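Results of the structural survey
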Amino acid sequence: MQVETYIKLEEAILLEGEMLPVMEHFYTLQGEGAWTGTASYFIRLAGCDVGCHWCDVKESWTVQEKQIMPIQALVEHVLETGCKHVVITGGEPSLYNLNFLVDQLHAHDIAVHIETAGTNPLTASLDWVCLSPKKFKRPIPEVYPLADELKVVVFNKHDFKWAEEHAVHCPEKTRLFLQPEWSKMDKMMPLILTYILENPRWSLSLQTHKWIHIP
Ligand code: SF4
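Everything quoted here is computed from the prediction, not taken from an experiment.

Cut-offs used in this document
- Residues numbered from 1 in each chain as written.
- Predicted model: local features only at pLDDT ≥ 70, side-chain atom pairs only at ≥ 80, totals over all residues.
- Heavy atoms only, no water.
- Helix = DSSP H or I, 4+ residues; strand = E, 2+ residues; numbered from the N terminus.
- Rg over C-alpha atoms; globule rule 2.2 N^0.38 Å.
- Buried < 20%, exposed > 50% of the residue type's maximum accessible area, 1.4 Å probe, protein only.
- Contact = heavy atoms within 4.5 Å.
- Areas by Shrake-Rupley, 256 points an atom, 1.4 Å probe, with all protein chains shown as cover.
- Lys, Arg positive; Asp, Glu negative; His and termini not counted.
- Charge placed at Lys NZ, Arg CZ, Asp CG, Glu CD.
- Salt bridge = Lys/Arg side-chain N within 4 Å of Asp/Glu carboxyl O.
- Polar contact = N/O pair within 3.5 Å; in protein donor to acceptor, adjacent residues only side chain to side chain.
- Near = heavy atom within 4 Å.
- Nonpolar A, V, L, I, M, F, W, Y, C, P; charged D, E, K, R; others polar.
- Expected span 1.5 Å × (residues − 1).
- Arc of directions from axis to C-beta.
- Phe/Tyr/Trp six-rings, centres within 6.5 Å; stacked < 30°, edge-to-face > 60°.
- Lys NZ or Arg CZ within 6 Å of the ring centre and 35° of its normal.

**Quick notes on the overall build of the chain**
- Counting secondary structure elements, the chain contains 6 helices and 9 strands.
- Its C-alpha atoms give the chain a radius of gyration of 18 Å, within 12% of the compact-globule value 17 Å for 215 residues.
- Taking the principal axes of its C-alpha atoms as reference, the chain extends roughly 65 × 35 × 30 Å.
- In the chain, which comprises 215 residues, the proportion classed as buried is 49%.
- Here the analysis covers contacts within the chain between residues at least 6 apart in sequence; of these, 62% occur between residues at least 24 apart.
- Just so you have it, the chain exposes about 10,800 Å², and 57% of that area is on carbon and sulfur atoms.
- Positive and negative side-chain charges in the chain, numbering 18 and 28 respectively, have mean positions lying 9 Å apart.

**With respect to the pattern of salt bridges**
- What the rule picks out here adds up to 8 salt bridges.
- Asp56 is the partner of Lys210 in a salt bridge, and the nearest nitrogen-oxygen pair spans 2.8 Å. Of the two residues, Lys210 is situated in helix α6 (residues 208-211) and Asp56 in the loop between β2 (39-45) and β3 (68-70); the sequence distance between them amounts to 154 residues.
- A relative accessible area of 48% places Asp56 in the partly exposed class.

**Section: the side chain of Gln207**
- Structurally, Gln207 is set in the loop between β9 (202-204) and α6.
- Gln207 sits in the buried class, given a relative accessible area of 9%.
- Here Glu32 takes part through its side chain, which lies 3.1 Å from a polar atom of the side chain of Gln207.

**Concerning the site of the ligand**
- The immediate surroundings of the ligand are formed by Cys48, Val50, Gly51, Cys52, Trp54, Cys55, Val57, Ser60, Trp61, Gly91 and Lys134.
- Of the residues that constitute the shell around the ligand, the class distribution is 7 nonpolar, 3 polar and 1 charged.

**Side note on helix α5 (residues 185-198)**
- Between its first and last C-alpha, α5 extends 19 Å over 14 residues, near the 20 Å set by a 1.5 Å rise per residue.
- Considered for burial, the residues of α5 that qualify are Met185, Met188, Met189, Ile192, Tyr195 and Ile196. Buried positions in α5, seen along its axis, are confined to an arc of 135° and lie on one side of it. Within α5, the exposed residues directed more than 90 degrees away from the buried face are Asp186, Lys187, Leu197 and Glu198.
- Those residues of α5 that are buried are in contact with β7 (149-154), α4 (159-167), β8 (175-180), β9 and α6.

**Description of the packing of aromatic side chains**
- Evaluated as defined, the whole model comprises 5 aromatic pairs.
- Note on Phe160 and Tyr195: the rings are 4.6 Å apart at their centroids and 20° apart in plane angle, and the pair reads as stacked. In this pair, Phe160 sits in helix α4 while Tyr195 sits in helix α5, placing the two residues 35 residues apart along the sequence. This pair shows no difference in class: Phe160 is buried, exactly as Tyr195 is.
- Judged by centre distance (5.4 Å) and plane angle (70°), the ring pair of Trp182 and Trp211 falls under edge-to-face. Here the residue Trp182 occupies a position in the loop between β8 and α5, and Trp211 occupies one in helix α6, the gap between them amounting to 29 residues.
- A residue is classified by how much of its surface remains accessible, and Trp182, at 34% relative accessible area, is partly exposed.
- Positioned above the aromatic ring of Trp162, the side-chain terminus of Lys135 is 5.4 Å from the ring centre.

Note that all results are geometric; they support no functional claim without further evidence.
Pasting the structure below:
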C-alpha cells in the first residue's frame, strides 16, 4: 500500500472514531467532582484546542502519530480491570468522534463519563458530562444543557462571578462544584469555603488524587 493511501486511510478511521489518539490510559480512582473516590478507567486523549496557562497536562496538547490507537485494543484494556466506569478526558476530548468508543463500552455495560471544556459538540451518548469551562476558549452554547456537573477551577477572586456566568446556562439538575487551582489552594480555599456557605448550590471539589499521590 502506498504511504499516501495509508495515511488517508488512517485519517478516515480517525474521523469515524475507530481509532483515537491516546496519550495515556490507566485504572485509578476518580479524584475530583461528583464521582470522587469511584474506581474509574481514565482515557486521556491527546490534542487540546484550549491552552490554559496553568494546565498540568501540557504534554497532552500535541498529537503524535504513535499515540493513534485502535478502539478495540483500548476496550480490551478496560475489560481486563472489570471496571464499570470509564472517564474520557484530555487534552480536549470533544475534538473527536467518540461514538464508536462509547458504543463499544456500553455494549459491555460500562458507563462512560467525559470531562470537557465544551468547546465542540458532544455527539456520543454519554452517561455523565462534567463541563469544566476555561477562560481561554468558552464552551459552545449547546453543551450547557448536557452538563450533569459544572466544575469551575478557581484561580482568583474574580472566578466566582465567572462561575455564576456559566452556572446560569446550566439546567437545574447540574451539580455545581468549585475547585481551587492546585497552586493557589492556600490562598483561595478560605474564599471558596465562605462562598459555598453563602451560596449552598455550590459544593467543593478537591484534587484528592494529588493528595494521595495516585494518577
Ligand atoms: Fe489543559 Fe484541559 Fe486547559 Fe486543555 S482544557 S489546556 S488539557 S487544562
